[in-house]
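# Architecture at a glance
These are the residues of each chain, in order.
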Amino acid sequence: MAEEAHKVTLNVYDLSRGLARQLSASLLGKVIEGVWHTGIVVYGNEYFFGGGIQHLPAGTTPYGAPLRTVEMGDTHVPRDVFEMYLEEISPRYTAESYNLLTHNCNNFSNEVSQFLVGKGIPDYILQLPSEVMNSPMGGLLMPMIQNLEATLRAGAVPNAPQFKPQPQASGASSKDEEGPKPSEKASKPEDAKTEKVPPVVVQPSAGKEKVKEDPLGDARSKIQEEITREFTALMAQGTLRASEAATIATKRVMQKYGHLNAAA
């Protein structure tokens, strides 16, 4: 209760825009509901993997409205600790390492979800590549898969800034500088607004909770600062992964304040 909980959701998009459901039975011999792309929404942003780890204000990604949203739970990990974690794993999630079948946006969402809330994303999303490739006609889709993979690897679909923990503001501005494309021009005014949206979006959606938590604002900030300091000290030892250090740091601080259950 002393520490603010951040809601974590999974946005699920169908890259085929309904074609998979319509054509999969005839092409593959079985019905495939969609070609899934996912992103993790937390701290007012959506984080996803395409041409590297990328982020945009929630609701402004190039994928449009999600087909569905899955509630993953709440996290007590402070945002700055999460950004340190993303910085640590970013060498494994690059444009060069992207593979549509084995190392894709859904694998990234699954790993991030486990870090934040201790559980992965739904299996039906993770199992889709093997389900398709193991179908009778799966091999015939390889040319299309390779073309889509090349597009995603080049970052042509996810027109979004690369994740840069330190110069976060410049990451958002770099999107505007990239913008000779018509789609980006259309989204530019929206992006200008949405840079200010996270605080505004979070306030209305959790307005009642914020009113209740305001009296505890100082205590909450103090606890988050202590978690960050503890996390930094643990990482400096060089023996733990970011996920392990974040878990230990959160437990230690919450034990100190007698709120272990809140950190569980």
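For the structure itself, look to the data block above.
Residues numbered from 1 in each chain as written. Predicted model: local features only at pLDDT ≥ 70, side-chain atom pairs only at ≥ 80, totals over all residues. Heavy atoms only, no water.

A separate point is the overall build of the protein. Of the regular secondary structure elements, the protein holds 13 helices and 5 strands. Sorting the 264 residues of the protein into buried and exposed places 44% on the buried side. For the protein, the share of sequence-separated contacts (at least 6 apart) that also reach a separation of at least 24 residues comes to 70%. For the protein, the computed accessible surface area is about 13700 Å², with 56% contributed by carbon and sulfur atoms. (Helix = DSSP H or I, 4+ residues; strand = E, 2+ residues; numbered from the N terminus. Buried < 20%, exposed > 50% of the residue type's maximum accessible area, 1.4 Å probe, protein only. Contact = heavy atoms within 4.5 Å. Areas by Shrake-Rupley, 256 points an atom, 1.4 Å probe, with all protein chains shown as cover.)

Moving on: helix H3 (residues 105–117). The end-to-end C-alpha distance of H3 is 18 Å, a good match for the 18 Å that 13 residues give at a rise of 1.5 Å each. Restricting attention to buried positions, one finds in H3 the residues Cys105, Asn106, Phe108, Ser109, Asn110, Glu111, Val112, Ser113, Phe115 and Leu116. Directly beyond the C-terminal end of H3, a positive phi value near 80° is found at glycine 118. (Expected span 1.5 Å × (residues − 1).)

Below, the discussion takes up the packing of helix H2 (residues 79–89) against H3. Packing of H2 against H3 brings their axes to within 12 Å, and their N-to-C directions diverge by 140°. In terms of orientation, H2 and H3 fall into the oblique class. By crossing handedness, the relation of H2 to H3 is classed as right-handed. Side by side, H2 and H3 meet where Val81, Phe82, Tyr85, Leu86 and Ile89 of the first sit next to Phe108, Glu111, Val112, Phe115 and Leu116 of the second. Grouping the constituent residues of the contact of H2 with H3 by class yields 9 nonpolar, no polar and 1 charged. (Axes fitted to C-alpha atoms, helices over the stretch in contact; angles between N-to-C directions. Parallel < 35°, antiparallel > 145°, perpendicular 65-115°, else oblique. Left-handed = near helix turned anticlockwise from the far one by under 90°. Nonpolar A, V, L, I, M, F, W, Y, C, P; charged D, E, K, R; others polar.)

With that out of the way, let us pick up unusual backbone geometry. Positive phi, close to 50°, is recorded for arginine 17, a residue that is not glycine. One can find arginine 17 in the loop between strand S1 (6–14) and helix H1 (19–28). Phi at tyrosine 43 takes a positive value of approximately 60°, unusual for a residue other than glycine.

Attention now goes to the side chain of histidine 6. Examined against the element boundaries, histidine 6 turns out to sit in strand S1. Owing to a relative accessible area of 15%, histidine 6 belongs among the buried residues under this scheme. Discounting residues that sit within four places of it in the chain, histidine 6 has contacts with Val42, Tyr43, Gly73, Asp74, Thr75, Val77 and Gln224.

So, on to the sheet that holds S1. Reading across from one edge, S4-S3-S2-S1-S5 is the order of the 5 strands in this open sheet, with antiparallel pairing throughout. In this open sheet, the two strands that pair with only one neighbour each are strand S4 (52–57) and strand S5 (68–75). This sheet shows a mean twist of 25° between the axes of neighbouring strands, independent of strand direction. Along the sheet face, H2 touches strand S2 (36–42), strand S3 (45–50) and S4 and points at about 5° away from the line of S3. Across the sheet, H3 lies against S1, S2, S3, S4 and S5, angled at about 30° from S2, the strand it touches most. (Pairing = 2+ DSSP bridges.)

Any functional reading would require information beyond the geometric quantities listed.
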